[in-house]
Amino acid sequence: FDFDGDSVVSEALAEVDRMSRRFTGVDAQGQWVMPLMSRGDIARCVMYMELMYELKYVNEAEMRKLQEWMKEDAPSAYETAFGLWIRQTQPFGMNIQNPFVSNPELATDELFKKLLNSYLGKEEIVDPV
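Residues numbered from 1 in each chain as written. Predicted model: local features only at pLDDT ≥ 70, side-chain atom pairs only at ≥ 80, totals over all residues. Heavy atoms only, no water.

Asker: Talk me through the packing of aromatic side chains; I want residue IDs and the actual numbers.
Answerer: Summed over all chains, the structure comprises 6 aromatic pairs. A centroid spacing of 6.3 Å and a plane angle of 85° characterise the contact between Phe1 and Phe3, whose relative ring orientation is edge-to-face. Residue Phe1 is classed as partly exposed on the basis of its relative accessible area of 26%. The interplanar angle of 10° and the centroid separation of 5.6 Å between the aromatic rings of Phe3 and Trp69 together place this pair among those described as stacked. Taken together, the positions of Phe3 in the segment before strand 1 (10-15) and Trp69 in helix 2 (residues 60-72) put the pair 66 residues apart, joining distant regions of the chain. Judged by its relative accessible area of 12%, Phe3 falls in the buried class. Across from the ring centre of Tyr119, 4.4 Å away, lies the NZ or CZ of Lys56, which sits over that ring. (Phe/Tyr/Trp six-rings, centres within 6.5 Å; stacked < 30°, edge-to-face > 60°. Buried < 20%, exposed > 50% of the residue type's maximum accessible area, 1.4 Å probe, protein only. Helix = DSSP H or I, 4+ residues; strand = E, 2+ residues; numbered from the N terminus. Lys NZ or Arg CZ within 6 Å of the ring centre and 35° of its normal.)

So this is what it looks like as structure tokens:
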């Protein structure tokens, strides 16, 4: 993924949802440039996978960029409804949910910092009162 905001140099047509398609592509380094309208969706998915499966795919700076994207693009009605459907029907016995969809407040600065510090094994420094 391109986290630097680079421009697309090689375009590709990507289906964004069932109703629309957008041009996207890769930057000069061969990294996929996400469409602006999908960044929050992608960020929630990547953060869920990163934290749930401890992939170590993205670093701390990239996680903070994903947080920005989640804050800029709240879960859509479709994304929320799909998450609810998964929780209610548990297809194929899957008892899963993406907490970044069901609890978008996790992307707020204070909660995200606590979550990130816990995941990275950093101790939170508390100011003495």
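Asker: How would you summarise a nonpolar patch on the surface if you had to cite specific residues and measurements?
Answerer: A cluster of nonpolar side chains, Met49, Met52, Tyr53, Leu55 and Tyr57, forms an exposed patch at the surface whose accessible area comes to about 530 Å². In this fold, Met49 is placed in helix 1 (residues 39-53). (Patch = residues over 30% accessible without salt bridge, like charges linked within 9 Å, V, L, I, M, F, W, Y side chains within 5 Å. Areas by Shrake-Rupley, 256 points an atom, 1.4 Å probe, with all protein chains shown as cover. Salt bridge = Lys/Arg side-chain N within 4 Å of Asp/Glu carboxyl O.)

Asker: Let's hear about the packing of helix 2 against helix 5 (residues 109-120): which residues, and what values?
Answerer: With their axes 11 Å apart at the nearest point, helix 2 and helix 5 run at an angle of 150° to one another. Regarding the angle of helix 2 to helix 5, the classification is roughly antiparallel. Crossing angle aside, the handedness with which helix 2 passes helix 5 is right-handed. Taken together, the residues of helix 5 that come into contact with helix 2 (itself represented by Glu60, Met63, Arg64, Gln67, Met70 and Lys71) are Asp109, Phe112, Leu116, Tyr119 and Leu120. Classifying every residue of the contact of helix 2 with helix 5 gives 6 nonpolar, 1 polar and 4 charged. (Axes fitted to C-alpha atoms, helices over the stretch in contact; angles between N-to-C directions. Parallel < 35°, antiparallel > 145°, perpendicular 65-115°, else oblique. Left-handed = near helix turned anticlockwise from the far one by under 90°. Contact = heavy atoms within 4.5 Å. Nonpolar A, V, L, I, M, F, W, Y, C, P; charged D, E, K, R; others polar.)

Any functional reading would require information that these geometric values do not contain.
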